[in-house]
Protein chains: 2
Amino acid sequence: MAEQVCLREVGLRDGLQNISLFMPSQQKKDWISAEFAAGVKEIEITSYVPPKLLQQFIDAEEVTRHALTIDALAVNALIPNIKGAERGMALGVSQLNYVQSVSESHNQANVRRSTRESVDDFKRIIALRNASPTSKRIRIAGGLATAFGCTIEGPIKEGRVLAWAEEILAAGADELIVADTVGYANPAAVKSIFSRILPMAGKTPVAAHFHDTRGLGLANVVAALDVGVRRFDASLGGLGGCPYAPGASGNIAMEDCAFMLESMGFTTGIDLVRLLEVRRTVEAQLGGITFYGSIAKSGLPKGYQPITAVAA
Amino acid sequence: MAEQVCLREVGLRDGLQNISLFMPSQQKKDWISAEFAAGVKEIEITSYVPPKLLQQFIDAEEVTRHALTIDALAVNALIPNIKGAERGMALGVSQLNYVQSVSESHNQANVRRSTRESVDDFKRIIALRNASPTSKRIRIAGGLATAFGCTIEGPIKEGRVLAWAEEILAAGADELIVADTVGYANPAAVKSIFSRILPMAGKTPVAAHFHDTRGLGLANVVAALDVGVRRFDASLGGLGGCPYAPGASGNIAMEDCAFMLESMGFTTGIDLVRLLEVRRTVEAQLGGITFYGSIAKSGLPKGYQPITAVAA
């Protein structure tokens, strides 16, 4: 039996939040349905940020209601604060991904409060969920952004990441997401951090969220796999980018990551041929937006035999 | 003390052989000098193929004579046959890199003979070198192309690679180069092959030559590092490509690979700031040819501290 690796699509959130062009709600819904049909079972479908801050997510409720019609889909959404958590709990999603930065300056720039205030809010969100009889099944993940470096502060010391990780886990996070928000990670740092965090987390799932800003995205996945990480965020066509690094690519590309994992003998549950069709559709819909990734250009290798069966 | 990793530039051979535009000899010579000055101590500067087959290398002798004026440069050149070896020995280069494919069909297509005939020629080349009083110091490397897969034959069984590796080592190769010519490798296959080949090779250096055709180039470097490989081929701007995969990228990008290694704590001897200047110059000279790689677009991370000192 091939070992399983779980890939979560974040393009509808991390990708679209960097695109000024509004993607019509129907296209977002079709993307979710098509990618689920290709075998992606976890999708971060939107962000419950104030719509006045990010017009792209003005349809968050509508998109969420569609996603919730897909029974086996783990409907994830990003939340920046308690208000976002309340919106997600009212909708009844599967999982809310709360994000705070390790970098103090980045946290101030991103959510306009200190990291201490952020983690206190996280605890309040957990308490809110625990107190709500209708929200008991909603999982709350704690995400640590800029865990490997920050465009404002530069390198981030590992000890700071570990300290926040400990506090987030102790607060009762259902998952810990360690994010290289702006492409500062390298395989040595990845091995070092995750080999310390995984034992701290015990049975709590730990996910790695890598950006390919400096071309090391998949190299970092290999390093993380090596020390036991089995959950990764990725985005179709590597959508994402970073407002501080114009021209730089975004998240690791879902299709390349799935290809790599299946080539290595892991099962992702993803049908690559169908996933590449979804990519073609979304790329055409977002005409003019740069899509990254190699497999879509080079094609699958001759005689390629994925672990996950491919549609006839 | 940081552990050393040796990067060999192959863009002047593997890169230029895929470009129909002739690069003026003076530009080739300037590229070699500038990249050496940036800290790259081994460069495959040309190919001794018949000029009628590859016009790009019509100036092989002139370029070689220039490279040989740079004292500490390991002047490498590719040879497809005995004739090429004779040209290289007459010039007195540092090292000749002989290449044969593991794939029978690819070898026929590439050098129009069987793999058996190719390895027999390799033995003749070693004998020729050994018999020449003036060529004793010339190193002869044996390269295995399509070691992970082939656009004609598809997947290549590891046993075939190991058998050829054994024969090439027994023939007296001064270095073994294992090449993923068309981007079929993955980190699991890389670990498996190199963990078997390194003990076979003993003190003979083993180099990995990866292409980034499917985006796994640096991921494969990480896997190879993990099992002990410390020599890699790379090309400035990822020049290379493959005539069978239009639009696909080429070799791993020298600048991204050096960045990754230095970030991980290895020393490459390469000054990245100067290397990126060389890239800008060569990219401008080859106007219209696509250059790959991420660091040139995203820039180095804030507070980046390489192991190799950067020019003031």
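## Some thoughts on the overall build of chain A
When you go through chain A residue by residue, the secondary structure sums to twelve helices and ten strands. Its C-alpha radius of gyration of 18 Å places chain A within 12% of the 20 Å reference for a compact globule of 312 residues. For chain A, the proportion of its 312 residues judged to be buried stands at 53%. Within chain A, residue pairs in contact and separated by at least 24 positions form 73% of the contacts whose partners lie at least 6 positions apart.

## Examining the relation of the copies chain B and chain A
Aligned on chain A, chain B shows an RMSD of 0.0 Å; the corresponding rotation is 180° and the shift along the axis is 0.0 Å. Such a turn and shift between the copies fits a two-fold axis. Rotation axis and chain B: the residue whose C-alpha lies nearest the axis is Ala 219 of chain B, separated from it by 1.9 Å. Of the interface residues in chain B, 100% have counterparts in chain A that sit at the interface too, so the contact is made through matching surfaces.

## Points about helix α3 (residues 60–67) of chain B
Residue and element names in this part refer to chain B. Taken together, the buried positions of α3 are occupied by Ala 60, Val 63, Thr 64 and Ala 67. Looking down the long axis of α3, one finds its buried residues gathered within 100° of arc, a one-sided arrangement. Those residues of α3 that are buried lie in contact with α2 (25–37), β2 (42–47), β3 (74–79) and α4 (82–91).

## Examining the nonpolar core
Ranked by internal contacts, the top residues of the largest apolar core, which has 183 residues, are Cys 257 of chain A together with Cys 257 of chain B. Those residues in contact with Cys 257 of chain B that lie beyond four places of it in its chain are Leu 7, Leu 218, Val 221, Phe 232, Ala 234 and Ile 252 of chain B.

## Here's the deal with the sheet that holds strand β4 (residues 95–101) of chain A
All names here are of chain A. What the eight strands build is a closed barrel, ordered β1-β2-β3-β4-β5-β8-β9-β10; its pairing is parallel. When strand polarity is set aside, the average angle formed by the axes of neighbouring strands in this sheet is 25°. The sheet contact formed by strand β5 (residues 139–145) and strand β8 (residues 175–180) spans four bridges and is parallel. Within β8, the residue paired with Gly 143 across the bridge is Ile 177. On top of the sheet, helix α6 (residues 115–131) reaches β4 and β5; it is set at about 165° to β4, its chief contact.

## Side note on unusual backbone geometry
Although it is not a glycine, Arg 112 of chain A sits at a positive phi angle of roughly 50°. Mapped onto the fold, Arg 112 of chain A is located in the loop between α5 (104–111) and α6.

## A word on the interface of chain B and chain A
Listed per partner, the contact involves 38 residues of chain B and 38 residues of chain A. Those elements that place two or more of their residues in the side of chain B that touches chain A are β7 (154–155), α8 (187–201), α9 (217–226), α10 (254–264) and α12 (295–298) of chain B. Taken together, the residues of the side of chain B that touches chain A sort by class into 17 nonpolar, 15 polar and six charged.

## Thoughts on the pairing of strand β9 (residues 206–210) of chain B
All names here are of chain B. Burial analysis of β9 places five of its five residues in the buried class, the great majority of the element. With burial as the criterion, each face of β9 is covered, one bearing Val 206, Ala 208 and Phe 210 and the other bearing Ala 207 and His 209. Bridge count for strand β8 (residues 175–180) against β9 is five bridges, and the pairing is parallel. Residue pairing in the sheet places Val 178 in a bridge with Ala 208 of β9. The parallel pair β8 and β9, bridged by α8, forms a crossover whose chirality is right-handed. As paired elements, β9 and strand β10 (residues 231–234) share two bridges and run parallel to each other. Pairing of Ala 208 across the sheet is with Phe 232, part of β10.

What counts, and at which threshold
Residues numbered from 1 in each chain as written. Chains lettered and ligands numbered in written order. Predicted model: local features only at pLDDT ≥ 70, side-chain atom pairs only at ≥ 80, totals over all residues. Helix = DSSP H or I, 4+ residues; strand = E, 2+ residues; numbered from the N terminus. Rg over C-alpha atoms; globule rule 2.2 N^0.38 Å. Buried ≥ 20, exposed ≤ 12 C-beta atoms within 10 Å, placed from the backbone. Contact = placed C-beta atoms within 7 Å. Least-squares fit on C-alpha atoms with pLDDT ≥ 70 in both. Arc of directions from axis to C-beta. Core = buried A, V, L, I, M, F, W, Y, C linked by C-beta atoms within 7 Å. Pairing = 2+ DSSP bridges. Axes fitted to C-alpha atoms, helices over the stretch in contact; angles between N-to-C directions. Nonpolar A, V, L, I, M, F, W, Y, C, P; charged D, E, K, R; others polar. Right-handed = clockwise from strand over helix to strand, strands pointing away.

Interpretation in functional terms is not warranted from these geometric data alone.
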